[in-house]
Amino acid sequence: MEIEMRKFGPNSRASMNNKLKQYKLDVEIIQKEMKKAIDVSSNFRNYQSINQNDPERNKLLQIHSSLMNTNDTIVRSTQIAIETEQLGNNVLTELNEQGERLRNANDQLDDTKSALYRSKRILKKLSMGAFYNKFLIFFIIILELLSLGAVIYWKFFS
């Protein structure tokens, strides 16, 4: 878990570190309780061998059984909590990767938009240049027709 923690930023790393310390403390507490339960169990076995028919023995057996069931439940709960934390870390890692991919896609989209804008400006300039060239050619043709008409008029009618 400590290795996974290093992958994240300082803010999330601090909260994860606190959670990790808390989990370690919980595990230590559970281990101490397990040792106490085992000690009680061994003492109980010694007592059991001495007093087989004692009514208090039956009550102690029930309490012992209840403690063992509780201990098993705590162990299972701890295991489920650890698995859930690992699953959460995996999901967090995957979400970070997906976020990075989305940021890269957004950057590429911005680059594409700017390239498209530049292309649009270039095409507009080319279009305007072509329009001015057509207008100039049309104007030159009209001047040539007028000058041709003037030459013909001057040649034949003057």
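The numbers attached to residues start from 1 for each chain and follow its sequence in the written order. Confidence filtering applies because this is a predicted model: local features only for residues at pLDDT of at least 70, side-chain atom pairs given and counted only at 80 or more, and all residues used for totals across whole chains, interfaces and linings. Calculation of side-chain values draws on the structure's entire complement of heavy atoms; hydrogens and water are dropped beforehand.

Draft legend 1. Highlighting the confidence of the model for the protein chain. Scored between 0 and 100, pLDDT is the confidence that the predictor attaches to each residue. Residues of the protein chain with pLDDT of at least 70 account for 85%, and the chain-wide mean is 86. At the low end of the mean pLDDT range in the protein chain sits helix α1 (residues 2-5), at 62; at the high end sits helix α3 (residues 55-157), at 93. Put simply, DSSP marks the helices as runs of H or I at least four residues long and the strands as runs of E at least two long, and each gets a number from the N terminus on.

Draft legend 2. Representation of α3. The first and last C-alpha atoms of α3 sit 149 Å apart over 103 residues, in line with the 153 Å expected at 1.5 Å per residue. Of the positions making up α3, those classed as buried are Arg 57, His 64, Asn 71, Glu 85, Asn 89, Thr 93 and Gly 99. Helices are assigned an expected span. That span is 1.5 Å times one less than the residue count. Summary of the burial criterion: residues with accessible area below 20% of their type's maximum are buried, those above 50% are exposed, and those between are partly exposed, where the area comes from a 1.4 Å probe applied to protein chains only.

Draft legend 3. Summary view of a nonpolar patch on the surface. Residues with no salt bridge and a relative accessible area higher than 30% make up the patches, which join like charges within 9 Å and nonpolar side chains (Val, Leu, Ile, Met, Phe, Trp, Tyr) within 5 Å. Accessibility throughout is a Shrake-Rupley quantity obtained with a 1.4 Å probe, and a residue counts as covered only by protein chains that appear here. Just to be clear on terms, a salt bridge is a Lys or Arg side-chain nitrogen sitting within 4 Å of an Asp or Glu carboxyl oxygen. A cluster of nonpolar side chains, contributed by Ile 137, Ile 141, Leu 145, Leu 148, Ile 152, Tyr 153, Phe 156 and Phe 157, occupies part of the molecular surface with about 910 Å² of accessible area. Inspection of the secondary structure assignment puts Tyr 153 in helix α3. For Tyr 153, a relative accessible area of 53% gives the class exposed.

Draft legend 4. Quick peek at the packing of aromatic side chains. Centres within 6.5 Å are what make two rings of Phe, Tyr or Trp a pair, Trp counting through its six-membered ring; a difference in plane orientation under 30 degrees is then read as stacked, over 60 as edge-to-face, and the rest as tilted. A complete count under the given rule lists two aromatic pairs for this structure. Measuring from ring centre to ring centre gives 6.0 Å for Phe 131 and Tyr 132, while their planes differ by 55°; the resulting arrangement is tilted. Centre to centre, the rings of Tyr 153 and Phe 157 are 5.4 Å apart; their planes meet at 40°, and the pair counts as tilted. With Tyr 153 and Phe 157 both in helix α3 and four residues apart, this pair spans about one turn of that helix.

Draft legend 5. Summary view of the pattern of salt bridges. Using the criterion set out here, one finds two salt bridges in the structure. Notably, a salt bridge pairs Arg 101 with Glu 97, separated by 3.9 Å at the nearest N-O pair. Note that Arg 101 and Glu 97 are positioned in helix α3 at a spacing of four residues, about one turn of the helix. Classification of Arg 101 as exposed rests on a relative accessible area of 52%. Here Glu 100 ties to Arg 103 by a salt bridge, and the two come within 3.2 Å at their closest N and O atoms. Of this pair, Glu 100 and Arg 103 both sit in helix α3, three residues apart, which is roughly one turn of the helix. Look at Arg 103 and you get partly exposed, because its relative accessible area is 48%.

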